[in-house]
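# Structural characterization, general
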Amino acid sequence: MISKSESISISQASLADLERNLGSLSSQYMRWSVELPLNHEKQTVWARLYSAANTLRQAVREGAVENAIFEIGSNLIGCEQIALLVTTKKQDRVDFIGSAEFDPKRLDTLQRNAKRIIEEAPADSIFIEATDKDRSFLSSLGISARIPFSLDSATRGAIVFFDLLPQRKGLDAVDRELLQLLCTYTGPCLAASKTKHQKTPGWVQL
Amino acid sequence: MSNTHYESQKKTTRQSDHKILLVDDSSTTLLIEEMMLRQHTQYELVLARDGKEAVEKAIAEQPNLILMDVIMPRMNGFDACREMRRHEALRKVPIIMVTSRGESYNIEQGFESGCNDYVTKPIDGAELVEIVNGYLMAQG
């Protein structure tokens, strides 16, 4: 168990702010979608961001943020396997959870390389395979995309995405916007969910 | 009143007479479908979260079009589609499958189960509205 001083949560006021913020974001994306002609190239971006922001807000309420992340990764980005890695504040242990039917061999690889996956890049750096070829370490693990996330200004974990669905040729600008949203909100949502439900999910000690 | 406005009103009146059944266990997909169709059309929407509920709602609500996921709890989209086609009133209702897997064998399985068309995830909201409009305008 980790001590209370290590654990992370956010105040009730911050929790309310986060819920309000995600609510405003989703309303804004919907408004932008309505204002644009149907065939405008940004329609897809606003519709998917609307759905993602709304899903995260609902997940904080229901205490199921990890499931929301897997849903966004699977249904809005189009990846078959997603894993969430969270480090303790002392960075001495990494907890994992994989999406449904996550390949056990791959989980083992993640466990062995977890710290490096999280530390590989600066806190706000999104890795997308095929556009960020210089990160050969992440590519060598078969990762299609990786985003870090932070709590209290410290990098505390990463989300890794594997195996694009067969109809997807690669990740694009719309996906990058979704990854950026997850990069910004995953940490606060996990902490907010803990504050709201007075517990962390069984697989992780924040 | 301009002709354009008249045409627009005529189209709206027609749209509001049509009902669409949206079926998906994924809230992210349902959110996109619902938002795009509510904000960009006037169709009445009915929602279901699995295949079994979809069959029940299709029988009760008699929708003009069904948009249905494939992988769902209780009853998958293919089985739900077959079940719907057994009911006389649902035999000609367009069913569009929403599938994660765009491979040909998966699409063939959808057509064999009785669906009319398919779209792949991640959903492209604008494309979805165009396909739905296409089917429902053909119905008049």
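The coordinates are above.
A brief look at the structure comes next. (Residues numbered from 1 in each chain as written. Chains lettered and ligands numbered in written order. Predicted model: local features only at pLDDT ≥ 70, side-chain atom pairs only at ≥ 80, totals over all residues.)

## What about the overall build of chain B?
In terms of regular secondary structure, chain B is built from 6 helices and 5 strands. Put simply, chain B runs from its N terminus to its C terminus through helices and strands in the order α-β-α-β-α-β-α-β-α-β-α. Within the span of chain B, comprising 140 residues, buried residues form 42% of the whole. Within chain B, contacts between residues at least 6 apart in sequence are counted, and of these 63% link residues at least 24 apart. (Helix = DSSP H or I, 4+ residues; strand = E, 2+ residues; numbered from the N terminus. Buried ≥ 20, exposed ≤ 12 C-beta atoms within 10 Å, placed from the backbone. Contact = placed C-beta atoms within 7 Å.)

## Regarding unusual backbone geometry
Lys121(B) connects to Pro122(B) through a cis peptide bond whose omega is -5°. Within the secondary structure, Pro122(B) is located in the loop between strand E5 (117-120) and helix H6 (125-139). For Asp163(A), which is not a glycine, the phi torsion comes out positive at approximately 55°. One can find Asp163(A) in strand E5 (residues 154-164). A positive phi is found at Arg74(B), a non-glycine position, where the angle reads about 65°.

## Describing the sheet that holds strand E4 (residues 95-99) of chain B
For sheets, the rule is that strands pair by backbone hydrogen bonds, running either parallel or antiparallel. All names here are of chain B. Across the sheet, 5 strands lie side by side as E2-E1-E3-E4-E5; this open sheet has parallel pairing. Single-partner strands in this sheet number two, and they are strand E2 (44-48) and E5. For this sheet the average axis-to-axis angle between neighbouring strands, irrespective of direction, equals 20°. Across the sheet, helix H3 (residues 51-61) touches strand E1 (19-23), E2 and strand E3 (65-69), and the angle it forms with E1 is around 170°. (Pairing = 2+ DSSP bridges. Axes fitted to C-alpha atoms, helices over the stretch in contact; angles between N-to-C directions.)

## Notes on the packing of H3(B) against helix H4 (residues 77-85) of chain B
Residue and element names in this part refer to chain B. Across the interface, H3 lies against H4 with an axial gap of 9 Å and an inter-helix angle of 25°. Taken together, the axis directions place H3 and H4 in an arrangement best described as roughly parallel. The two elements H3 and H4 cross, and the hand of that crossing is right-handed. Side by side, H3 and H4 meet where Gly-51, Ala-54, Val-55 and Ala-58 of the first sit next to Gly-77, Asp-79, Ala-80, Glu-83 and Met-84 of the second. Grouping the amino acids of the contact of H3 with H4 by side-chain chemistry returns 5 nonpolar, 2 polar and 2 charged. (Parallel < 35°, antiparallel > 145°, perpendicular 65-115°, else oblique. Left-handed = near helix turned anticlockwise from the far one by under 90°. Nonpolar A, V, L, I, M, F, W, Y, C, P; charged D, E, K, R; others polar.)

## Some points on the environment of Asp25(B)
As for its placement among the helices and strands, Asp25(B) is situated in the loop between E1 and helix H2 (27-40). If sequence neighbours within four positions are ignored, Asp25(B) has contacts with Arg49(B), Asp50(B), Asp69(B), Met72(B) and Pro73(B).

## Regarding the sheet that holds strand E4 (residues 143-151) of chain A
Residues and elements named next belong to chain A. What the 5 strands build is an open sheet, ordered E2-E1-E5-E4-E3; its pairing is antiparallel. Each edge of the sheet is formed by a strand with only one pairing partner; in this case those strands are strand E2 (94-98) and strand E3 (127-128). With 5 bridges joining them, strand E1 (residues 79-87) and E2 adopt antiparallel strand pairing. Residue pairing in the sheet places Val-86 in a bridge with Asp-95 of E2. Against the sheet, helix H3 (residues 65-77) engages E1, E2 and E5, with an angle of about 145° to E1. Of the strands in this sheet, E3, E4 and E5 touch helix H6 (residues 173-197), which is tilted by about 40° from E4.

## Thoughts on helix H4 (residues 104-119) of chain A
Residue and element names in this part refer to chain A. Here H4 contains 16 residues, and its C-alpha end-to-end distance of 23 Å stays within 8% of the 22 Å for a straight helix at 1.5 Å per residue. At Asn-113, H4 shows its maximal kink, close to 70°. Looking only at H4, the buried set comprises Leu-110, Ala-114, Ile-117 and Ile-118. Check the buried side of H4 and you find it contacts E1, E2, helix H5 (136-140), E4 and E5. (Expected span 1.5 Å × (residues − 1). Bend = angle between axes of the 7 residues up to and from the residue.)

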